[in-house]
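Now for the letters of each chain:
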Amino acid sequence: MDIAFGPVPSRRLGRSLGINNIPPKHCSYSCVYCQVGATPLQEITPRCFMPPALIAEQVSQRLEAVRAHGEAVDYLTFVPDGEPTLDINLASTIEALRPLGVPIAIISNASLISLPTVRETLQLVDWVSLKVDCVDEALWRQINRPHPDLKLSEILEGIAIFARTFQGMLVSETMLLAEFNDGPEVLRPTARFLRNAGIHRAYLSIPHRPPAVRDVRVPDETAITRAHQIFVETGLETELLSAYEGDSFAFSGDLRRDILAVTAVHPMRASALRSLTEKSGGTMATVQAMVAAGELKAVEYAGETFYVRRQTAT
Ligand code: SF4
């Protein structure tokens, strides 16, 4: 197992050099959508997996190698095939990485955040992503299939406590699953919790790779657009994490490409698309052609037409 990998392009983090501080697959959850498969045995007690010095050495070597090839690295990101806060030495590893001078990020499932030691460790990094797929205990047990000793109420309280003092960038990630958590009755309380907790930006994602449970399905574009709008209406800065990760969102001179880049992140109102096409000297005919080609889908929501990128478009 490579401890350090990449950098990989990440829309959230730019060029992100990944750190595997936990061997696969030690996790407190066994999410139905996990791309690493089911968790053989859920764990909730942090313990030692690898010495911090070994991780820091391998990250340092990798960083040196990629920089020697002229590649930039924007973040060092803890993103193992498991839960990074299960590593009892995580704080020491972060301290050992600091001299490298690169901002540090962690992608966590948040399950251990009720532990003060885990909150203290997360305080040490610059960017934290916490998983919140829903705020309903029974549904959470169905989706995330947690260790039986975990309680969602304690996790949500831990997130709120952490958010009150964290000085870095705090984002959430909510995986949308058809018929699990893509309905308004589930999404509204989830969005309210995230807003009240003070999450800086909410990301909505969908399964991109084969999930642990075969009948898990990606919501259709109507449900994705509705979810995005519910989060936005709740007052959350919200982005979709679709399969499409490339391109900046500024006007590039290529209208079709710009539309695909923006709609991958935000469903666009027809009026916004019209103004983008006019700015580029084009017309809505381009949009209609993209709908006909199956690249975009028009979705009606709350009396308005939105355009969203189809998840199969490349
Ligand atoms: S938290 Fe992440 S690694 Fe753990 S089961 Fe869920 S998706 Fe897989």
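Residues numbered from 1 in each chain as written. Predicted model: local features only at pLDDT ≥ 70, side-chain atom pairs only at ≥ 80, totals over all residues. Heavy atoms only, no water.

Asker: For the pattern of salt bridges, give the residues involved together with the corresponding values.
Answerer: In the structure shown here, the tally under the stated rule is 11 salt bridges. The partner of Arg 12 in a salt bridge is Glu 173, and the shortest N-O contact between them spans 3.1 Å. One end of the pair, Arg 12, is in the loop between strand S1 (4-10) and strand S2 (14-19); the other, Glu 173, is in strand S6 (residues 169-175), and 161 residues separate them in sequence. For the pair Arg 12 and Glu 173, a shared accessibility class is recorded, and that class is buried. Between Glu 137 and Arg 141 there is a salt bridge, and its shortest N-O distance comes to 2.8 Å. Of the two residues, Glu 137 and Arg 141 both sit in helix H4 (residues 137-144), four residues apart, roughly one turn of that helix. Classification of Glu 137 by relative accessible area gives partly exposed; the value is 31%. (Salt bridge = Lys/Arg side-chain N within 4 Å of Asp/Glu carboxyl O. Helix = DSSP H or I, 4+ residues; strand = E, 2+ residues; numbered from the N terminus. Buried < 20%, exposed > 50% of the residue type's maximum accessible area, 1.4 Å probe, protein only.)

Asker: Can you lay out the environment of Ile 88 for me, pointing to particular residues and giving the numbers?
Answerer: Counting through the fold element by element, Ile 88 comes out in the loop between strand S3 (75-78) and helix H2 (90-97). The class of Ile 88 is exposed, set by a relative accessible area of 53%. When the C-alpha atoms of Ile 88 and Met 50 are compared, they prove to be 9.6 Å apart, with 38 residues separating the residues in sequence. If we skip the residues at most four places from it in the chain, Ile 88 touches Pro 46, Arg 47 and Cys 48. (Contact = heavy atoms within 4.5 Å.)

Asker: Pulling in residues and values, what's your account of the confidence of the model for the chain?
Answerer: The predicted model of the chain averages 90 in pLDDT, with 94% of residues at 70 or higher. Long-range and interchain partners of residues 244-250, a stretch whose pLDDT sits below 50, account for 16 contacts in this model, where long-range means more than four residues apart. (pLDDT = per-residue confidence, 0-100.)

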